[in-house]
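# Chains, contacts and geometry: an overview
Below are the chains, spelled out letter by letter.
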Amino acid sequence: EELGKKAVTTFNCRTYLQTQLNKAVRSKERYEKGDRNPKDLILFHETQYEAVAWLKDNTGQCTFNSDIPFPTLRFPSDHGIVAGLLRVRPR
């Protein structure tokens, strides 16, 4: 469960002002009915690369706030940014 919370890269909730009203979510129900899932990944073979550093961003400031639905006016994407620094392992 804890890993699932750390891996989340989306938190989308349609409002009643957007199209597809049948998918709209009330503000107080956003955590239960919003789309909060790990959808953005970096895949690599551990035998070939080593993860040196990584980050997730949904603010545009190299931080990730898991409590705010997005897109927002400051971060217009509905997916977080996932970035990683990989080091090639010696053969």
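Here, every reference points to the structure presented above.
Here we summarise the structure given alongside this text.

### Things to note about the pattern of salt bridges
Should the charged atoms of two oppositely charged side chains come close, the side chains can pair. Going through the model one piece at a time under the given rule, you end up with three salt bridges. Of the charged contacts, one joins K39 and D35 as a salt bridge, the two residues approaching to 2.7 Å between their closest N and O atoms. Owing to a relative accessible area of 23%, D35 belongs among the partly exposed residues under this scheme. As a salt-bridge pair, R87 and E50 come within 3.5 Å of each other at their nearest N and O atoms. You can see R87 sitting in strand β2 (residues 81-88) and its partner E50 sitting in strand β1 (residues 49-57), a full 37 residues away along the chain.

### Structural notes on the packing of aromatic side chains
One pass over the full model with this rule turns up three aromatic pairs. Aromatic side chains F11 and Y31 sit 5.5 Å apart centroid to centroid with 40° between the ring planes, which places their arrangement in the tilted category. Linking F11 in the loop between α1 (2-7) and α2 (30-33) with Y31 in helix α2, this pair joins segments that are 20 residues apart in sequence. Between the aromatic rings of F70 and F75, the centroid separation amounts to 5.9 Å while the plane-to-plane angle is 85°, which identifies the pairing as edge-to-face.

Quick notes on the rules
Residues numbered from 1 in each chain as written. Predicted model: local features only at pLDDT ≥ 70, side-chain atom pairs only at ≥ 80, totals over all residues. Heavy atoms only, no water. Salt bridge = Lys/Arg side-chain N within 4 Å of Asp/Glu carboxyl O. Buried < 20%, exposed > 50% of the residue type's maximum accessible area, 1.4 Å probe, protein only. Helix = DSSP H or I, 4+ residues; strand = E, 2+ residues; numbered from the N terminus. Phe/Tyr/Trp six-rings, centres within 6.5 Å; stacked < 30°, edge-to-face > 60°.

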